[in-house]
Amino acid sequence: MDERLVLFNHAGSGNHGCEAIVRGFLAGWNDSWDIRLITNDRTQDKRYIGEREGLILEEERHMDRNRLAHMLYYGYRKITGDAECYLRYRFPMITGSKTPRLAVSIGGDNYCYPEMVPDLILADDMLRNRGAATVLMGCSIEPDDLARDEGMVRDLKEHRLITARESITKGALLEAGVDPGRLKLLPDPAFAMETVRVDLPEGFSEGGTVGINVSPLIEKYRSGDGSVLDAFSGLVKHLIDTTDMQIAFIPHVVWPTSDDRKPLMKLQERYADTGRTILVEDAPAPVLKGYIARCRFFVGARTHSTIAAYSSGVPTLVAGYCVKSRGIAAVIVGDSNGMVLPSSSLDESTLIGAFDDLMSREKEI
């Protein structure tokens, strides 16, 4: 049996939160085992993390890019009922004789997305049936999902270890019957990621800038009138009218299907003529953290952009859409009220009011 550690369910470092999780894990790993990182996109990881001693990058096989394989496996599955066959195609590097001794799932909030859960369960079962111990690292899970999904609960109970990154998830897992001996409350690994400070872009005032991250994803969870982008636009105008601070728009995910630069560019185009705003270029996660660390305040939608701010001591306001945002904030400041705003109902006046409150509590925070 292959003794090397495997990290899997890694979506690729174009999501700099995924990159930050890997980097944080590597920062704390001091064993002699090599680590194999099974990634959805090796090109992204080579670009942002790079190849280094002790880290082996291997890309999943993509059935959607191979029409013939898709047809053959679909037919085989239909005839035999072998649901696992898709995953054997996807993960040939960790099945059969290559099954690792320890397989660590690093997609912290994967269980928050119902469409992903069946394949997560199937992959865990496949590995465990071949003798691997599975670990779920840095997770957040909605308590309501645990209450209604018996298959998910069964899967979670069979992990050798689960590390929950906030207390709401830990409490829900205990209530669902997960063995307390297999459950730990530990920070998201991204908190341990290094900070890299490079020259600041023109227009970025160290200690005098508000960093802003907006994700196109949060519009998906919108239920009220207007848009989240309109709310952020109102905040930017408020900052320009009432403060002397600069505003830096900082992307944290640059996937073609979910690119923060798209909404941030719209904001930059609206306010570029004021001379008070800049759009920060894409960069590896430690460099982005270096920019965020030199902000006076930070307002973010992507969880790991806010983790970069929290771990740098920057007063932070979160536009959140699930348990991870509330839970992480509650662990850090003791109460997420006022520090995390639900994106589903976020409007301009609420966002401005919350930011003004953040400013008034700057020293305390």
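Look above for the structure.
Below is a summary of the structure that appears in this document.

1. Digging into the overall build of the chain
Here comes step 1: Helix and strand content of the chain: 14 helices and 15 strands.
Here comes step 2: Scaling as 2.2 N^0.38, a compact globule of 365 residues should have a C-alpha radius of gyration of about 21 Å, and the chain matches this with 21 Å.
Here comes step 3: When the backbone C-alpha atoms are referred to their principal axes, the chain occupies close to 65 × 40 × 40 Å.
Here comes step 4: Looking at the 365 residues of the chain, the share that counts as buried comes to 55%.
Here comes step 5: The long-range share in the chain, meaning contacts at least 24 apart out of those at least 6 apart in sequence, stands at 69%.
Here comes step 6: When the accessible surface of the chain is split by element, carbon and sulfur atoms take 49% of a total near 15900 Å².
Here comes step 7: Averaging the positions of the 43 positive and the 53 negative side-chain charges in the chain gives two centres separated by 4 Å.

2. Details of the pairing of strand β3 (residues 55-59)
Here comes step 1: Alignment of strand β2 (residues 35-39) against β3, held across five bridges, turns out to be parallel. Bridged to L37 within β3 is L57.
Here comes step 2: Read from β2 through helix α2 (residues 42-48) to β3, the crossover connection turns out right-handed.

3. Describing helix α11 (residues 285-293)
Here comes step 1: The buried fraction of α11 amounts to nine of the nine residues, a majority that puts the element mostly inside the structure.
Here comes step 2: Regarding α11, the residues found buried are A285, P286, V287, L288, K289, G290, Y291, I292 and A293.
Here comes step 3: The elements touched by buried residues of α11 are α1 (16-28), β13 (297-300) and α12 (303-310).

4. Digging into the packing of α1 against α11
Here comes step 1: At a minimum axis distance of 9 Å, the contact between α1 and α11 shows a crossing angle of 105 degrees. Taken together, the axes of α1 and α11 lie roughly perpendicular to each other. Only A285, P286 and L288 of α11 make contact with α1, whose side of the interface consists of H16, E19, A20 and R23.
Here comes step 2: Looking at the contact of α1 with α11 residue by residue, the classes come out as four nonpolar, one polar and two charged.

5. A look at the packing of aromatic side chains
Here comes step 1: The full count for this structure, using the stated rule, is five aromatic pairs.
Here comes step 2: Aromatic pair Y73 and Y89: ring centres 5.1 Å apart, planes at 65 degrees, arrangement edge-to-face. Pair noted here: Y73 is in helix α3 (residues 67-80) and Y89 is in helix α4 (residues 85-90), with a separation of 16 residues, a long-range link.
Here comes step 3: Residue placement shows R61 over the ring face of Y89; its charged tip is 3.9 Å from the ring centre.

6. Here's the deal with the pattern of salt bridges
Here comes step 1: Inspection of the entire model under this criterion finds 27 salt bridges.
Here comes step 2: A salt bridge links E59 to R65; its shortest N-O distance comes to 3.7 Å.
Here comes step 3: Overall, E59 belongs to the partly exposed group, its relative accessible area being 26%.
Here comes step 4: Owing to a relative accessible area of 58%, R65 belongs among the exposed residues under this scheme.
Here comes step 5: Residue D357 pairs with R361 through a salt bridge whose shortest N-O separation is 3.3 Å.
Here comes step 6: Taken together, the salt bridges that share partners define one network made up of D125, R128, R154, D155 and E158.

7. Quick notes on the environment of R101
Here comes step 1: Positionally, R101 belongs in strand β4 (residues 100-105).
Here comes step 2: Given the relative accessible area of 38%, R101 is considered partly exposed.
Here comes step 3: Along the sequence, R101 and A132 sit 31 residues apart, while their C-alpha atoms lie 4.8 Å from each other.

8. A look at helix α14 (residues 348-360)
Here comes step 1: For α14, spanning 13 residues, the distance from its first C-alpha to its last is 18 Å, which sits close to the expected 18 Å at 1.5 Å a residue.
Here comes step 2: On its buried face, α14 sits against β8 (209-213), α9 (228-242), β13, β14 (316-320) and β15 (340-342).

9. Looking at a nonpolar patch on the surface
Here comes step 1: A cluster of nonpolar residues, V331, I332 and V333, forms a patch on the protein surface that exposes about 220 Å² of accessible area.
Here comes step 2: Relative to the elements of secondary structure, V331 occurs in helix α13 (residues 323-333).

Parameters at a glance
- Residues numbered from 1 in each chain as written.
- Predicted model: local features only at pLDDT ≥ 70, side-chain atom pairs only at ≥ 80, totals over all residues.
- Heavy atoms only, no water.
- Helix = DSSP H or I, 4+ residues; strand = E, 2+ residues; numbered from the N terminus.
- Rg over C-alpha atoms; globule rule 2.2 N^0.38 Å.
- Buried < 20%, exposed > 50% of the residue type's maximum accessible area, 1.4 Å probe, protein only.
- Contact = heavy atoms within 4.5 Å.
- Areas by Shrake-Rupley, 256 points an atom, 1.4 Å probe, with all protein chains shown as cover.
- Lys, Arg positive; Asp, Glu negative; His and termini not counted.
- Charge placed at Lys NZ, Arg CZ, Asp CG, Glu CD.
- Pairing = 2+ DSSP bridges.
- Right-handed = clockwise from strand over helix to strand, strands pointing away.
- Axes fitted to C-alpha atoms, helices over the stretch in contact; angles between N-to-C directions.
- Parallel < 35°, antiparallel > 145°, perpendicular 65-115°, else oblique.
- Nonpolar A, V, L, I, M, F, W, Y, C, P; charged D, E, K, R; others polar.
- Phe/Tyr/Trp six-rings, centres within 6.5 Å; stacked < 30°, edge-to-face > 60°.
- Lys NZ or Arg CZ within 6 Å of the ring centre and 35° of its normal.
- Salt bridge = Lys/Arg side-chain N within 4 Å of Asp/Glu carboxyl O.
- Expected span 1.5 Å × (residues − 1).
- Patch = residues over 30% accessible without salt bridge, like charges linked within 9 Å, V, L, I, M, F, W, Y side chains within 5 Å.

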